[in-house]
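Structure at a glance
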Amino acid sequence: MSDYVLRGLDFSYKGKTRKEPVTKVFENLCFEFDQGDTIFLSGQSGEGKTTLLKILAGLLDPDEGSLKFRGEEILDIKASSRDVAFCFQEAFLYPFLTVYGNLYAALDGYGLKRMEKDKLIKEIIKGSPVAKLLNFKPKELSLGQKETVALYRALVRKPSLFLADEPFSGVDVRTKDALLKEMFRLVKNSDTTLIYVGHDVNESRHFDRHYRLEGGKLNLVADRTTKSGSR
């Protein structure tokens with residue numbers, strides 16, 4: 001059995017009033033993946049890609065369904081207590097903090113001592129482009145630098161699951177390729193599971209599996225893992 005098992009997921013967006021129609025997004029959706037997998041998720045706008053990520057992150061509650069991690073139900077666990085990191089389409093950084101302050105803030109709320117936080121930051125920035133940006137504030141960074149810092153901010157605590165919703169859509173192709181390469185290096189080093197939403201299917205060749213979300217169903221497009229599970 002896979003590490004993550006999603007079964008019977010139903011979700012609808014309800015109207016603000018009884019007269020407004022209910023929009024069904026998922027009905028009996030099933031999905032399985034393992035720790036350390038890298039998954040590319042594509043689909044037309046409005047098919048529910050972001051909604052699925054928000055359910056996995058605990059930001060939305062499904063109408064029905066079960067999500068288990070190694071046999072333990074996690075849908076009942078609040079978002080702040082799940083070992084999940086999320087990157088949205090726009091880089092989220094605290095404008096009043098330095099880059100170091102943003103990395104440090106990402107480690108708040110996890111019971112870590114200052115020395116432990118400093119150690120995690122030093123580990124992730126070692127040899128990286130972020131190491132030269134620690135004293136800068138977001139307004140002093142280019143868009144590509146902001147996206148890089150946001151990526152490191154999300155992964156500094158080495159989460160079990162990283163959900164990326166078109167995080168590099170605003171940068172040029174060259175910068176995007178560099179960010180993708182850096183993202184893969186970081187998740188592989190920490191054995192983090194990656195689910196990445198993207199529109200450019202050419203990017204999917206870098207991932208273990210490619211799923212397309214269509215009509216409320218997940219369809220497997222490509223599987224680059226071997227039967228033994230090696231990559």
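Reference entry: report on the structure contained in this document. (Residues numbered from 1 in each chain as written. Predicted model: local features only at pLDDT ≥ 70, side-chain atom pairs only at ≥ 80, totals over all residues. Heavy atoms only, no water.)

Quick look at unusual backbone geometry
- Despite not being glycine, Lys 158 shows a phi value in the positive range, around 55°.
- Note that Lys 158 resides in the loop between helix 4 (143-155) and strand 7 (161-165).
- Even without being a glycine, Glu 166 presents a positive backbone phi close to 45°.
- Counting through the fold element by element, Glu 166 comes out in the loop between strand 7 and helix 5 (173-190).
- Glu 166 gets classed as buried once you look at its relative accessible area, which sits at 14%. (Helix = DSSP H or I, 4+ residues; strand = E, 2+ residues; numbered from the N terminus. Buried < 20%, exposed > 50% of the residue type's maximum accessible area, 1.4 Å probe, protein only.)

Quick look at the sheet that holds strand 2 (residues 23-33)
- The four strands are arranged 2-1-4-5 in an open sheet whose pairing can be described as antiparallel. Each edge of the sheet is formed by a strand with only one pairing partner; in this case those strands are strand 2 and strand 5 (72-73).
- Where strand 1 (residues 4-13) and strand 2 come together, seven bridges link them in antiparallel fashion. In the strand pairing of strand 2, Leu 9 is matched with Leu 29. (Pairing = 2+ DSSP bridges.)

Details of the pattern of salt bridges
- On inspection of all chains with the given rule, the structure shows ten salt bridges.
- Between Arg 70 and Asp 3 there is a salt bridge whose closest N-O contact spans 3.3 Å. In this pair, Arg 70 sits in the loop between strand 4 (64-69) and strand 5 while Asp 3 sits in the segment before strand 1, placing the two residues 67 residues apart along the sequence.
- With its nearest N and O atoms 2.7 Å apart, the salt bridge here joins Arg 185 to Glu 182. One end of the pair, Arg 185, and the other, Glu 182, are both in helix 5, three residues apart, so they sit about a helical turn from each other. (Salt bridge = Lys/Arg side-chain N within 4 Å of Asp/Glu carboxyl O.)

Points about the nonpolar core
- Counting 37 residues, the largest nonpolar core has Val 99, Leu 103, Phe 162, Phe 168, Met 183, Leu 194 and Tyr 196 as the members making the most contacts within it.
- For this core, the secondary-structure elements that each account for two or more residues are strand 6 (84-87), helix 2 (99-105), helix 3 (114-125), helix 4, strand 7, helix 5 and strand 8 (193-197).
- Residues contacting Tyr 196, with those up to four places away along its chain left out, are Ile 39, Phe 40, Leu 41, Ala 164, Pro 167, Phe 168, Lys 176, Leu 180, Met 183, Glu 203 and Phe 207. (Core = buried A, V, L, I, M, F, W, Y, C linked by side-chain atoms within 4.5 Å. Contact = heavy atoms within 4.5 Å.)

Observations regarding the pairing of strand 10 (residues 217-223)
- As judged from the six bridges shared by strand 9 (residues 209-214) and strand 10, these two strands associate in the antiparallel manner. Paired with Arg 209 across the strands is Asp 223, a residue of strand 10.
- The antiparallel pairing of strand 9 with strand 10 creates a hairpin that spans two residues between the two strands, and Gly 215 there sits at a positive phi of about 60°.

Quick word on the packing of aromatic side chains
- All chains considered together, the criterion is met by 14 aromatic pairs.
- Summarising the aromatic geometry, the rings of Tyr 196 and Phe 207 are spaced 5.4 Å apart at their centres and angled 40° between planes, so their arrangement reads as tilted. Pair noted here: Tyr 196 is in strand 8 and Phe 207 is in the loop between strand 8 and strand 9, with a separation of eleven residues, a long-range link.
- Judged by relative accessible area, which is 1%, Tyr 196 ranks as buried. (Phe/Tyr/Trp six-rings, centres within 6.5 Å; stacked < 30°, edge-to-face > 60°.)

A word on the environment of Thr 51
- Topologically, Thr 51 is positioned in helix 1 (residues 49-57).
- Take Thr 51: its relative accessible area is 8%, and that puts it in the buried class.
- Along the primary structure Thr 51 and Val 25 are separated by 26 residues, whereas in three dimensions their C-alpha atoms are 8.4 Å apart.

Notes on the layout of surface pockets
- Taken as a whole, the largest pocket holds about 540 Å³ of empty space.
- Forming the boundary of the largest pocket are 24 residues, of which Val 84, Ala 85, Phe 86, Arg 153 and Arg 157 lie nearest the centre.
- Within the residue set of the lining of the largest pocket, elements represented by two or more residues are strand 6 and helix 4.
- Residues belonging to the lining of the largest pocket are distributed by class as follows: 17 nonpolar, one polar and six charged.
- There is about 160 Å³ of room inside the second largest pocket.
- If you trace the second largest pocket, you find it lined by Pro 129, Leu 133, Gly 144, Gln 145, Thr 148, Thr 175, Ala 178, Leu 179 and Glu 182.
- Counting residues per element, the ones that place at least two in the lining of the second largest pocket are helix 4 and helix 5.
- Per-element tally for the lining of the second largest pocket: the top contributor is helix 5, with four residues.
- Here the lining of the second largest pocket is composed, by residue class, of four nonpolar, four polar and one charged. (1 Å grid on protein atoms, 1.4 Å probe; cavity = no way out; pocket = protein on both sides within 12 Å on 5 of 7 lines; lining within 4 Å. Points joined across faces, edges and corners; volume = space filled by probe spheres on them. Nonpolar A, V, L, I, M, F, W, Y, C, P; charged D, E, K, R; others polar.)

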